[in-house]
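Analysis of the macromolecular model
Below are the chains, spelled out letter by letter.
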Amino acid sequence: MLSINPQEITIPKLHGYLLSAVAPRPIAFASTVDFNGFPNLSPFSFFNVFSANPPILIFSPARRVRDNTTKHTFENVKVTKEVVINVVNYKMVQQMSLASTEYPKGVNEFEKAGFTMLASEKVKPFRVAESPIQMECKVIEVIELGKEGGAGNLVICEVVKLHIQEDLIDAQGNINQHKLDLVARAGGSFYSRAKNGFFEIPKPLSSLGIGVDTIPKEIRTSTILSGNDLGKLGNISALPSAEDVNKFAKEHRQFVGINTSKKHTFAKEYLEKNDVQSAWKVLLIK
């Protein structure tokens, strides 16, 4: 048995141990706005429900371990005292991961990740229309647990409006967990699909992905490519060069001159193998 004194190892190492040991964790896909009403969207896995009467959720946008900076979500909830917690199911997990990219302040993660902003009824932050359950919340209290990198910030919020996708409700009035198909966070690049076990998603690029909003409309509105597919396509730092696309086309003549539907189908097959570069090359062949 490896016995560890937390004070005797680095914070990044301790952080990694804790995230792997306390897992899987539910995901709070938190939507906030700043003082001027500009939207922000980011996922947090330090999250759970703690009371039904009153209905209380708590999540923690912790200080970054690497440089002790705080996240836009934390800054927003302290100012506006409002947040929407959207749950994450398997259909939207790749886009959710893309939204976790640390884009500069002023960049709209709804647009970057390809999500739809839906007006809330009780609070100013927008709901994620693609999320099957959305909870509008008022922030009751923010408790800062420390001032150093890795310190948590408990955001205690009360649910003031709950929205549930109607087809998730069974004949007894309960949520069908299989239909809901939630995902949870684990250590490293691991996630857990509630009904199907562990899977991996590469962490978003530190160099920033191009985002779903920059994907050509013909691809973005495809009836073949899913939201998860678009999330993968948006998580690259740059498109393949024309030279690389031409070389790929010469090596794969079967993709030249085919219609859009077939092109998207072949690209999807590459995406299912997590070969994003080849998927893009298929899509960009003239």
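That block above? That's the structure.
Now for a quick tour of the structure. (Residues numbered from 1 in each chain as written. Predicted model: local features only at pLDDT ≥ 70, side-chain atom pairs only at ≥ 80, totals over all residues. Heavy atoms only, no water.)

Brief notes about the pattern of salt bridges
Under the counting rule described, the total for this entry stands at 11 salt bridges. Across the pair Glu102 and Arg64 runs a salt bridge whose closest N-O atoms are separated by 3.0 Å. With Glu102 in the loop between α3 (93-99) and α4 (109-113) and Arg64 in the loop between β4 (55-59) and α2 (72-80), this pair connects stretches of sequence that are 38 residues apart. The shortest N-O distance in the salt bridge between Arg127 and Glu136 comes to 3.9 Å. Looking at Arg127, the relative accessible area reads 8%, which means it is buried. Overall, Glu136 belongs to the buried group, its relative accessible area being 0%. (Salt bridge = Lys/Arg side-chain N within 4 Å of Asp/Glu carboxyl O. Helix = DSSP H or I, 4+ residues; strand = E, 2+ residues; numbered from the N terminus. Buried < 20%, exposed > 50% of the residue type's maximum accessible area, 1.4 Å probe, protein only.)

Brief notes about the packing of aromatic side chains
Tallied over the entire structure, the rule returns 9 aromatic pairs. On the numbers, 5.5 Å between centres and 70° between planes, the contact of Phe29 with Phe115 is edge-to-face. Highlighted residues: Phe29 in strand β1 (residues 28-33) and Phe115 in the loop between α4 and β6 (117-118), separated in sequence by 86 residues. Pair check on accessibility: Phe29 and Phe115 agree, each one buried. Between Phe248 and Tyr270 the ring centres are 6.3 Å apart and the planes differ by 65°, which places this aromatic pair in the edge-to-face class. Of this pair, Phe248 sits in helix α8 (residues 242-251) while Tyr270 sits in helix α9 (residues 260-272); the two residues are 22 residues apart in sequence, bridging distant segments of the chain. Residue classification places Tyr270 among the buried positions, given a relative accessible area of 16%. In textbook terms, an aromatic cluster arises when at least three aromatic residues are bridged by ring pairs, as seen for Phe248, Phe255, Phe266 and Tyr270. Just above the ring of Tyr191 sits the side chain of Arg185; from NZ or CZ to the centre is 4.4 Å. (Phe/Tyr/Trp six-rings, centres within 6.5 Å; stacked < 30°, edge-to-face > 60°. Lys NZ or Arg CZ within 6 Å of the ring centre and 35° of its normal.)

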